[in-house]
Amino acid sequence: MTAEGKPVPVPTAETRHYWTACREGVLSYQHCLACSRPQFYPRTLCVGCGGARLEWRASRGLGTVHAVTVVYRPPTAAFRPEVPYAVALVDLDEGFRMMANVVGGAPETVAIGDRVRLVWEQRGDAVLPQFTRAEGGGR
Amino acid sequence: MKSLRDKYCIVGVGETEYSRGSGRTTRAMAVEAVRNAILDAGLTPRDVDGMLDYQGGDSTLANWVAPDLGVRLNFYMDVFGGGSSTEALVGLATGAIEAGMCHTVAIYRSMNGYSEFRIGGTGVRAAQPVRSLDLAQVPFGMRSAGQNFAMTFMRHMYEYGTTSEQVAHVKAAHSTHASQNPKALLKERVTVEDVVSSRWIVKPLHLLDCCVETDNATCVIVTSSERARDLRRRPVHIMGVAGRVSKPRLDFHWAHGPITRVAGYYAKDIVFGQAGIGPEDVDVTGSYDAFTFTTMLQLEEYGFCKKGEGGQYVSSGIIELGGKRPNNTSGGHLCEGYTHGMNMVIENVRQLRGTVDDYCPRAAEGVHTYDYAPGRCRQVKDAEITMNLGWAIPPTGSALILHR
């Protein structure tokens, strides 16, 4: 996904560390030092216990597809060259859930339960986390 | 939870034409819809002293609409938001009256939802910058309402075996209802096969699983039961209301709980508790059918069937006119027109009055044939209790129970 005009992250105070880490090839998430819950995406307090002591940790970037859809009608013109494309909710092995595209291979073949691994997409000045099938399905 | 059961009524309903190209401003349409509701109630502009409306930067505020009508306000508020606002604002209207701030409230929504601001995320909305929390999904091409719901629908199919064909019955039923509705934008009856053979939008939604973006304005008027007694129409009493009840994570709702669980799970005890009834007591439902699947999910989450059996429920004939509990008898968002939730409340008010505008020869006098063959009746016989199931984004919903 490299077409012009797609949304590019504009880092905020809360998300700057996360996007900077992405540029360095690290998928980071927050870990609450009070209740040990993992948290994604970044914010100022733990949504589980309200704790303010949040530590950045690096994910290994391996996960399982929890749900997946295929987009045929692009939401904006910038996505027109990409359709059809797969969007998935991925449960990372560290215990948090995130959304991203599953790239590589036919989008219609991405299925719930598929193992996926992290890949990176350069978009403007930013680098976005994406996924591809980890075993067999990557093609 | 406190209940104001039967203390307040909906006494007037009104709307403009449903079109795809109104050629008018939202201000002019709002004025017409509110005017129609005032006349419907047998009120004059001087009898209305409260106004509520909702919008997303796409409409005209109450401070322009009220003076155009000659209405002097003791209370008004413009609310940001779309679906799920209708029922919530009915509840807020009763609260404003209960607090002594005003006595009669007009609630309106006016939108050029096709010709100006398309809800699908395209057009003007698509040009808005993407910042902060949206970055968890928007960069990946997830933006429109249908896309936002898609994960929930796909997971429901995976967990419960729900099929596209089952859910397509919602569109087929609503199109049948719309064919009995002179106001409906899409009056042509469609079949399950028509739905599942229409082109993909976002899995599992085909084109005909999606509602019809529309230009329109709509209005309902709320006042006390005492005032309602003297008005032109049979009063429709508010038994219970729940407004914008939400899942624990409104922002990235997929991160909390089963993603097939929707807001009705949290709203049902509030609204049924106030009303003192259960799903089995409801004669007519009005679901937020932005998509066929939203109807199915709401009906099961509010307890009209067991969780996971929504596919069987909507394909069983229960939701059709002549069935045990018809849903969206006007054709709803899928066929009558997309109004951000208002037209299903308006329709249920008319059902309870016994005065829906169908093709019965004496419909204007409130005489119906109860013949649901094409081009005939859509009045439900002896409808006593209706329920509206409002919705917005997947984790937020509202509900309203009315009786005659």
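Residues numbered from 1 in each chain as written. Chains lettered and ligands numbered in written order. Predicted model: local features only at pLDDT ≥ 70, side-chain atom pairs only at ≥ 80, totals over all residues. Heavy atoms only, no water.

Right, let's get into the overall build of chain B. Check the secondary structure of chain B and you find twelve helices and eleven strands. By the compact-globule yardstick of 22 Å for 404 residues, chain B fits well, its C-alpha radius of gyration being 20 Å. The principal-axis extent of the C-alpha atoms belonging to chain B is close to 55 × 50 × 45 Å. Relative to its full complement of 404 residues, chain B shows a buried share of 63%. For chain B, the proportion of contacts with a sequence separation of at least 24, taken over those separated by at least 6, is 75%. For chain B, the exposed surface amounts to about 14000 Å²; the carbon and sulfur share of it is 51%. On chain B, the mean spot of the 42 positive side-chain charges and the mean spot of the 43 negative ones are 2 Å from each other. (Helix = DSSP H or I, 4+ residues; strand = E, 2+ residues; numbered from the N terminus. Rg over C-alpha atoms; globule rule 2.2 N^0.38 Å. Buried < 20%, exposed > 50% of the residue type's maximum accessible area, 1.4 Å probe, protein only. Contact = heavy atoms within 4.5 Å. Areas by Shrake-Rupley, 256 points an atom, 1.4 Å probe, with all protein chains shown as cover. Lys, Arg positive; Asp, Glu negative; His and termini not counted. Charge placed at Lys NZ, Arg CZ, Asp CG, Glu CD.)

Residues and elements named next belong to chain A. The strand order E2-E1-E3 describes an open sheet built from three strands, whose pairing is antiparallel. The open sheet has two edge strands with one neighbour each: strand E2 (38-39) and strand E3 (54-58). Examined bridge by bridge, strand E1 (residues 28-32) and E3 share five bridges and lie antiparallel to one another. From the neighbouring strand, Ser 28 faces E3, where its bridge partner is Ala 58. (Pairing = 2+ DSSP bridges.)

Residue and element names in this part refer to chain B. On inspection of all chains with the given rule, the structure shows two cavities of 30 Å³ or more. Of the voids in this model, the second largest cavity is the one considered here, and its volume is about 40 Å³. Lining the second largest cavity, in full, are Val 262, Ala 263, Gly 264, Gln 298, Tyr 302, Gly 390, Trp 391, Thr 396, Gly 397 and Ser 398. Taken together, the elements giving at least two residues each to the lining of the second largest cavity come down to strand E10 (385-391) and strand E11 (396-403). In terms of residue count, the dominant contributor to the lining of the second largest cavity is E11 (three residues). (1 Å grid on protein atoms, 1.4 Å probe; cavity = no way out; pocket = protein on both sides within 12 Å on 5 of 7 lines; lining within 4 Å. Points joined across faces, edges and corners; volume = space filled by probe spheres on them.)

In this section: the pairing of strand E2 (residues 50-55) of chain B. Residues and elements named next belong to chain B. With six of its six residues buried, E2 lies for the most part within the structure. Here E2 shows no split at all, with Gly 50, Leu 52 and Tyr 54 on one side and Met 51, Asp 53 and Gln 55 on the other all buried. With six bridges joining them, E2 and strand E3 (residues 75-80) adopt parallel strand pairing. If you follow Leu 52 over to E3, its bridge partner there is Met 77. Handedness of the crossover joining E2 and E3 through helix H2 (residues 62-69) is recorded here as right-handed. Pairing analysis gives four bridges linking E2 to strand E4 (residues 104-112), with the strands arranged parallel. Opposite Asp 53, over in E4, you have Tyr 108 as the bridge partner. (Right-handed = clockwise from strand over helix to strand, strands pointing away.)

All names here are of chain B. Counted by the stated rule, this structure contains 27 salt bridges over all chains. Lys 7 serves as the salt-bridge partner of Glu 98, at 3.1 Å between the closest nitrogen and oxygen. Residue Glu 98 is located in helix H3 (residues 85-98), and its partner Lys 7 is located in the segment before strand E1 (8-15); the two are separated by 91 residues in the primary sequence. For Glu 98, a relative accessible area of 33% puts it in the partly exposed group. With a shortest N-O distance of 3.4 Å, Glu 336 and Lys 183 are connected by a salt bridge. On the criterion of sequence distance, the pair formed by Glu 336 in the loop between helix H11 (332-335) and helix H12 (342-353) and Lys 183 in the loop between helix H5 (164-178) and helix H6 (192-196) is long-range, its members being 153 residues apart. Taking the relative accessible area as the measure of exposure, Glu 336 reaches 2% and is therefore buried. (Salt bridge = Lys/Arg side-chain N within 4 Å of Asp/Glu carboxyl O.)

So, to be careful, I would describe these as geometric facts and stop short of saying anything about function.
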